[in-house]
Amino acid sequence: MNEASVTREFKHYLEEHKPKETECYEFKIVNLEKTKSFAFNRVADHQAEGLIQAVEGLWLKIPDTSAINGFSSQKPFDSIWIKAREGYVVPIFYSPRKFKKAFKIPVVDYLIMRDGWPRKSIRLEELEELGFDMVVL
């Protein structure tokens, strides 16, 4: 299981449950067979800052595909100005062949939790108790 396959499942979820306003996401995968919790330091400072900037207003230039992989394909447009309703840190906990649970944690709540949580990580059960929006994939 890798981030690309899990985010593809999240994309399908969003296609069926379209948000009413723009949202931005930073995904982190947590394999429960390897670790029991989501470490806060997995979200880099620049990633949290990017989510905050998206809420305040952020310009993004979409790179030409040929510049990335050597192949050219059509892109929908050159750039986008984002003013998101919310930016989310989304840890996706999974147990192979059993379940995948994603939690949409608003970035400001994430930063408060990261700085004030008694440990350097948080468990699936604790996130369930805190009541953040959960998506079962």
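My aim in this report is to walk through the structure given alongside it, one point at a time.

What counts, and where the lines are drawn
- Residues numbered from 1 in each chain as written.
- Predicted model: local features only at pLDDT ≥ 70, side-chain atom pairs only at ≥ 80, totals over all residues.
- Heavy atoms only, no water.
- Axes fitted to C-alpha atoms, helices over the stretch in contact; angles between N-to-C directions.
- Helix = DSSP H or I, 4+ residues; strand = E, 2+ residues; numbered from the N terminus.
- Contact = heavy atoms within 4.5 Å.
- Nonpolar A, V, L, I, M, F, W, Y, C, P; charged D, E, K, R; others polar.
- Salt bridge = Lys/Arg side-chain N within 4 Å of Asp/Glu carboxyl O.
- Buried < 20%, exposed > 50% of the residue type's maximum accessible area, 1.4 Å probe, protein only.
- Core = buried A, V, L, I, M, F, W, Y, C linked by side-chain atoms within 4.5 Å.
- Pairing = 2+ DSSP bridges.

### A closer look at the packing of helix H2 (residues 45-56) against helix H4 (residues 107-116)
Right, so step 1: With their axes 9 Å apart at the nearest point, H2 and H4 run at an angle of 145° to one another. Counting all contacts with H2, which are made through Asp-45, Ala-48, Leu-51 and Ile-52, the residues of H4 involved are Val-107, Leu-111 and Arg-114.
Right, so step 2: Residue composition of the contact of H2 with H4, grouped by class: 5 nonpolar, no polar and 2 charged.

### Some details on the pattern of salt bridges
Right, so step 1: Scanning the model with the defined rule gives 12 salt bridges in all.
Right, so step 2: Between Glu-9 and Lys-100 there is a salt bridge, with its nearest N and O atoms 3.2 Å apart. Of the two residues, Glu-9 sits in helix H1 (residues 3-16) while Lys-100 sits in strand E6 (residues 99-106), which places them 91 residues apart along the sequence.
Right, so step 3: Residue classification places Lys-100 among the buried positions, given a relative accessible area of 16%.
Right, so step 4: Between Arg-85 and Glu-23 there is a salt bridge, and its shortest N-O distance comes to 2.7 Å. Here Arg-85, found in the loop between strand E4 (79-82) and strand E5 (86-95), pairs with Glu-23, found in strand E1 (residues 23-31); they are 62 residues apart in sequence, far enough to count as distant.
Right, so step 5: A relative accessible area of 14% places Glu-23 in the buried class.
Right, so step 6: Within the structure, one salt-bridge network assembled from shared partners comprises Glu-21, Glu-23, Arg-85 and Lys-104.

### Quick look at the nonpolar core
Most often, soluble globular proteins have nonpolar side chains that are buried together.
Right, so step 1: Counting residues in each nonpolar core, the largest one holds 24 residues, and the members touching the most others are Phe-38, Phe-93, Ile-105, Tyr-110, Met-113 and Leu-127.
Right, so step 2: Among the elements of the structure, E1, H2, E5, E6, H4 and helix H5 (124-130) are those that each provide at least two residues to this core.
Right, so step 3: Among the elements that make up this core, the one with the highest residue count is H4 (4 residues).
Right, so step 4: When near neighbours in sequence (up to four residues on either side) are disregarded, Tyr-110 contacts Phe-38, Phe-40, Val-43, Val-89 and Ile-105.
Right, so step 5: Among the nonpolar cores identified, the runner-up in size contains 11 residues, and Val-6, Tyr-88, Ile-92 and Tyr-94 belong to it.

### Some points on the pairing of E5
Looking along a regular strand, one sees side chains alternate from face to face of the sheet.
Right, so step 1: Most of E5 sits out of view: 10 of its 10 residues are buried.
Right, so step 2: Side chains Glu-86, Tyr-88, Val-90, Ile-92 and Tyr-94 of E5 all project onto a buried face; the interleaved residues Gly-87, Val-89, Pro-91, Phe-93 and Ser-95 project onto the opposite face, where all are buried too.
Right, so step 3: Relative to E5, E1 runs parallel, the two being bridged by 9 bridges. Looking at the pairing, Glu-23 lines up with Glu-86 of E5.
Right, so step 4: In terms of strand pairing, E5 meets E6 through 6 bridges, oriented antiparallel. Looking across to E6, one finds that Tyr-94 is bridged to Lys-100.
Right, so step 5: Where E5 folds back on E6, the antiparallel hairpin that results is connected by 3 residues, among which Arg-97 adopts a positive phi of roughly 65°.

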